[in-house]
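Chain by chain, the residues:
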Amino acid sequence: MPIPVAELQAIAKRVRRDIIEMIGTAGSGHPGGSLSAVEIIVQLYFDFMRIDAKSPKWPDRDRFILSKGHACPVLYSVMAEFGLAPKGKLNTLRKLGSIYQGHPDVRFLPSLEASTGSLGEGLSLALGMGLADRLDGRPCRTYVMLGDGEIQEGQVWESAMSGPFHKLDNVVAIVDYNGIQLDGFVKNIMEVAPLADKWRAYGWHTLEIDGHNFPAIRQALEEAQSTKGRPTCIVAHTVKGKGVSFMENNPKFHGTAPTPDEMRLALQELQ
Amino acid sequence: MPAGTKFELKPGPATREAFGRALVELGRANKDVVVCDADLSKSTMTVYFQKEFPDRFFSYGIAEANMVAQAAGLAYAGKIPFAASFSAFVMNKGFEQLRVCVAYPNLNVKIVGTHSGISIGEDGPSQMSVEETSLACSLPGFVVLTPADEVSTKALVHAAAAHVGPVFIRTGRPKAPIIYNGDQNFEIGKAVKLLDGTDVTIIANGLLVAEALRAAEMLESEGISTRVLDLHTVKPLDRDAIRRAAWETGAIVAAEEHLVDGGMGVRVAQVVAETTPCPMEFVGIQDTYAESGTPSELLDKYGLLARDVAAAVRKVLARKRR
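Rules behind the numbers
- Residues numbered from 1 in each chain as written.
- Chains lettered and ligands numbered in written order.
- Predicted model: local features only at pLDDT ≥ 70, side-chain atom pairs only at ≥ 80, totals over all residues.
- Helix = DSSP H or I, 4+ residues; strand = E, 2+ residues; numbered from the N terminus.
- Rg over C-alpha atoms; globule rule 2.2 N^0.38 Å.
- Contact = placed C-beta atoms within 7 Å.
- Buried ≥ 20, exposed ≤ 12 C-beta atoms within 10 Å, placed from the backbone.
- Domains from an automatic or database assignment.
- Pairing = 2+ DSSP bridges.
- Right-handed = clockwise from strand over helix to strand, strands pointing away.
- Nonpolar A, V, L, I, M, F, W, Y, C, P; charged D, E, K, R; others polar.
- Axes fitted to C-alpha atoms, helices over the stretch in contact; angles between N-to-C directions.
- Parallel < 35°, antiparallel > 145°, perpendicular 65-115°, else oblique.
- Left-handed = near helix turned anticlockwise from the far one by under 90°.
- Expected span 1.5 Å × (residues − 1).
- Arc of directions from axis to C-beta.

Re the overall build of chain A
In terms of helices and strands, chain A carries ten helices and seven strands. Against the globule reference of 18 Å for 271 residues, chain A gives a C-alpha radius of gyration of 17 Å, in line with a compact fold. Considering only C-alpha atoms, chain A reaches an extent of 50 × 45 × 35 Å along its principal axes. Expressed as a percentage of contacts within chain A between residues at least 6 apart in sequence, the contacts between residues at least 24 apart total 77%.

This is the structure:
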C-alpha cells in the first residue's frame, strides 16, 4: 500500500528544514539543488525502494546513488529520517571528522551506496552495479540522480550509450531538471535541451514528470519498474530552491549558504 | 643466485599475452572475476577471457572513463573487475575515475595497462605510455606492478586478484625474454634478487630487467660485481631490499621503460635518501616524447639497452669512488 501523500509531504517539510539548518549551521554548502530533489528522494526511500534500515547491507536491497553529490544534505536528511544514518549529528555537516562529509563519502558513512562528488560519474557506477546484480541474479534495482548541469559532462553520454546496449532494465536515471547551475541558468552556460529527446535518442525509456508531485513520481517509478529490456530515464522538472521563496529559481543559492537571518526566514516559511 | 652465475634468457611471449592467459585461469577459479574492455580485446588479450566467459565480459566501446567507473560499480556490488586497455588510454582518459571512483573509496578494481612504454614501436607517442607509473603511484592505496616476463606476469596477475584493493598492472606489447623458471615465488611488495654482487646494484623492472642482466654480464668482464633486483612492485616499495642495496653495494642504478620524472627510480631514490644515502643514476626516458620506429630502434635511440645501463653503472661507480 502506498504511503499517503500527506505523510510524504510532512516528511519532505522536515527534510527541507534539515537542509536549511545543516547548511546554515555549516556556513557553506548547496541548498538550491538539495531543495529541488526532496520529493524524489523522499518517495524513493519511504515509498518505493526495497531497503531495510535494520540491515543497510542486505544483498538484495535497492540502491540510490546521488551523482550530483553536492546536494548531499537532502540525502543525509532522508537517510536519517529513514533510520540509515544518525539524526542527531546532521548539524555536524562539513565539520572535521563528521560522518556527514561535504560530498557523500562511504568511508565515513557506510550506509551510503557510493562516494560521489566529481560530476558525471554516478550513472557509470549505477550501471556497473546493475551488471553485477544481473549476473548474480539479484532482484536489486539501482536509482541514480543526476543534475541537469551535470549532464554536460561527456562521461554521462558514454554511460548513457552503454545502459541500453547492455539492456540494463534494473537501472533508473533521474535527472533533477531545475535549470540552474553554479554560474547561472543552464541555458546560458551550456544548453542541455531538448533533454528528454537526447535520452530517447540514446535508447532510454524516457518519462517527463513534475518532480515535486509525489503521485507522479511514484507512477514514473512504477513504469520504470515494469519497463523491460532497457533502462528508464525520468526527466524530473523541478524548481531550484523549492520551498523557500527567496531561494526559488535563484542561482545565488546553488552554492551559497543562508546567512543566520536568511536561515530564520527560511525556517519560518517551512513551519 | 650467486655472483658470476650466467643468466640464460630464453625467448618468451609478451607480458600482455601472459596477462590474457592468466585472466582465463582466474576466470575458471573465481566466478566473481569479470572483465571490462574498451575496444581493444584483441590487443590487450582479454579476448581469451571473452571467448570462454562471454557473460562476464563487458564491452564499453572506446569510452575509458565510463569503463573505469563501471568497474568501480561492479566492485561495489562484489565483483573483481579487470579493466584493460592501452596504458596510455586507461590511465590518462580514466584517471579522474581512477581517482574518485576507485582509489578514494578503495575499491577492489584491477586496472591492466598494455602497450606500455616506447617499445610499442611504429604507432608513435600518442599510443605510448611513459607516465603511468607516476600516475598510478599518486593514487593512495593503489598497488602498482610492472612484471618483466611471462612467468612473473602470470604470478602477479594471480597475486593482484588475491589482493583486496585497487591494483594497476603495467604490461608491454613486444615479446619479452623469459627470465624466471616456474620455481620463483612472487609476492606483492617483495623485490626479487636475480644476481648478487658487491660493487653496485641495478634496480630494474619490466623490459629493463633483461637489459640489466645483460649489462651485469658485460660489467663482470670488467671486474665489476653487480647485484640485480627485479622491482616488479613499484608501490608499495620493498624498502628493505632497497636499503640493503644501498648499504651493501653503495651505488644504485635504476632502470625502467618510463619517464625518469616520476618513475620507479625517483621512488627508489626517496627510500635511499631516507635510509642510506648513496650515489644513484637513472636509466629511463628523458623529458621528451619519442617517435615512430621499430621497438629495437627506439630502445636504442632513447637509451634503454644493456649498453646504456652499463654506462650508467660506470658513471655511478666513478661517483662512488670519489
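So, the overall build of chain B
In terms of regular secondary structure, chain B is built from 13 helices and twelve strands. In terms of overall dimensions, chain B is globule-like: its C-alpha atoms have a radius of gyration of 19 Å, near the 20 Å expected for 322 residues. With the principal axes as the frame, chain B shows a C-alpha extent of 60 × 40 × 35 Å. Looking at chain B as a whole, 59% of its 322 residues are labelled buried. Here the analysis covers contacts within chain B between residues at least 6 apart in sequence; of these, 80% occur between residues at least 24 apart.

Observations concerning unusual backbone geometry
For the bond from A193(A) to P194(A), the omega torsion is -5°, close enough to zero to count as cis. For P194(A), the location among the structural elements is in the loop between α7 (186-189) and α8 (195-201). Here the residue pair K235(B) and P236(B) is connected by a cis peptide bond, since its omega of -5° sits within 30 degrees of zero. Positionally, P236(B) belongs in the loop between β10 (233-235) and α10 (239-249). With a phi angle near 70°, M45(B) is a residue other than glycine that sits in the positive phi range. For M45(B), the position within the fold is in the loop between α2 (41-44) and α3 (47-52). On the neighbour-count criterion, M45(B) (26 C-beta atoms within 10 Å) is buried.

Points about the domain arrangement of chain B
Residue and element names in this part refer to chain B. Annotation of chain B at the domain level lists domain 1 (15-170) and domain 2 (192-321). Distance between the C-alpha centres of domain 1 and domain 2: 26 Å. Taken residue by residue, the interface counts 23 residues in domain 1 and 28 residues in domain 2. For the side of domain 1 that touches domain 2, the secondary-structure elements that each account for two or more residues are α7 (132-137), β5 (143-145) and α8 (150-162).

Quick notes on the pairing of strand β11 (residues 252-259) of chain B
Residues and elements named next belong to chain B. Counting buried residues along β11, eight of its eight residues qualify, which places the element largely inside the surrounding structure. Note: strand β8 (residues 200-204) against β11, four bridges, orientation parallel. Among the inter-strand pairings, I203 is bridged to a residue of β11, identified as A254. Pairing analysis gives five bridges linking β11 to strand β12 (residues 280-285), with the strands arranged parallel. In the strand pairing of β12, V253 is matched with E281. Since β11 and β12 lie parallel, the crossover through helix α11 (residues 264-275) that links them has a hand, and here it is right-handed.

Comments concerning the interface of chain A and chain B
On the chain B side, the residues contacting the 21 residues of chain A number 23 residues. If you list the elements that add at least two residues to the side of chain A that touches chain B, you get α5 (122-136) and α6 (154-165) of chain A. When residues of the side of chain A that touches chain B are assigned to their parent elements, the largest contribution, ten residues, is made by α5(A). Of the residues that constitute the side of chain A that touches chain B, the class distribution is nine nonpolar, eight polar and four charged.

Re the sheet that holds strand β7 (residues 192-195) of chain B
All names here are of chain B. Reading across from one edge, β7-β9-β8-β11-β12 is the order of the five strands in this open sheet, with mixed pairing throughout. Because the sheet does not close on itself, it has two edges, and the strands there are β7 and β12. Each strand axis lies, on average, 25° off the axis of its neighbour in the sheet, ignoring direction. Sheet strands touched by α11: β8, β11 and β12. Its angle to β11, the strand with the most contacts, is close to 145°.

Description of the packing of α5(A) against helix α4 (residues 64-76) of chain B
Where α5(A) contacts α4(B), the axes come no closer than 7 Å and their chain directions differ by 50°. Considered as vectors, α5(A) and α4(B) are oriented oblique to each other. You can see that α5(A) and α4(B) cross each other, and the crossing is right-handed. Taken together, the residues of α4(B) that come into contact with α5(A) (itself represented by S124(A), L125(A), A126(A), L127(A), G128(A), M129(A), L131(A) and A132(A)) are N66(B), A69(B), Q70(B), A71(B), A72(B), G73(B), L74(B) and Y76(B).

Some remarks on the sheet that holds strand β4 (residues 110-114) of chain B
Residue and element names in this part refer to chain B. Taken in spatial order, the seven strands line up as β2-β1-β3-β4-β6-β5-β10 in an open sheet, and their pairing is mixed. Since the sheet does not close on itself, it has two edges, and those belong to β2 (57-59) and β10, each with one partner. Pairwise comparison of adjacent strand axes, ignoring direction, gives a mean angle of 20° for this sheet. Pairing of strand β1 (residues 33-37) with β2, which is carried by three bridges, proceeds in the parallel orientation. Within the sheet, the bridge partner assigned to C36 lies in β2 and is F58.

Structural notes on α5(A)
Residue and element names in this part refer to chain A. Given a rise of 1.5 Å per residue, 15 residues ought to cover 21 Å, and the 21 Å separating the end C-alpha atoms of α5 matches this to within 8%. Within α5, twelve of the 15 residues are buried, which leaves it mostly tucked inside the rest of the structure. Among all positions of α5, only G122, L123, S124, L125, A126, L127, G128, M129, G130, L131, A132 and D133 are buried. Looking one or two residues past α5, G137 carries a phi angle of roughly 70°, positive in sign.

Observations concerning the packing of α6(A) against α4(B)
How two helices sit against one another is set out by the angle between their axes and by the gap between those axes. For the pair α6(A) and α4(B), the least separation of the axes is 8 Å and the interaxial angle reads 70°. Compared by their axis directions, α6(A) and α4(B) come out roughly perpendicular. Contact residues: α6(A) offers Q155(A), E158(A), S159(A) and S162(A), while α4(B) offers A65(B), N66(B) and A69(B). Considered class by class, the residues forming the contact of α6(A) with α4(B) number two nonpolar, four polar and one charged.

Focus on α10(B)
Residue and element names in this part refer to chain B. Burial in α10 covers these residues: A241, I242, A245, A246 and T249. Looking down the long axis of α10, one finds its buried residues gathered within 135° of arc, a one-sided arrangement. Against β8, β9 (226-230), β11 and α11 lie the buried residues of α10.

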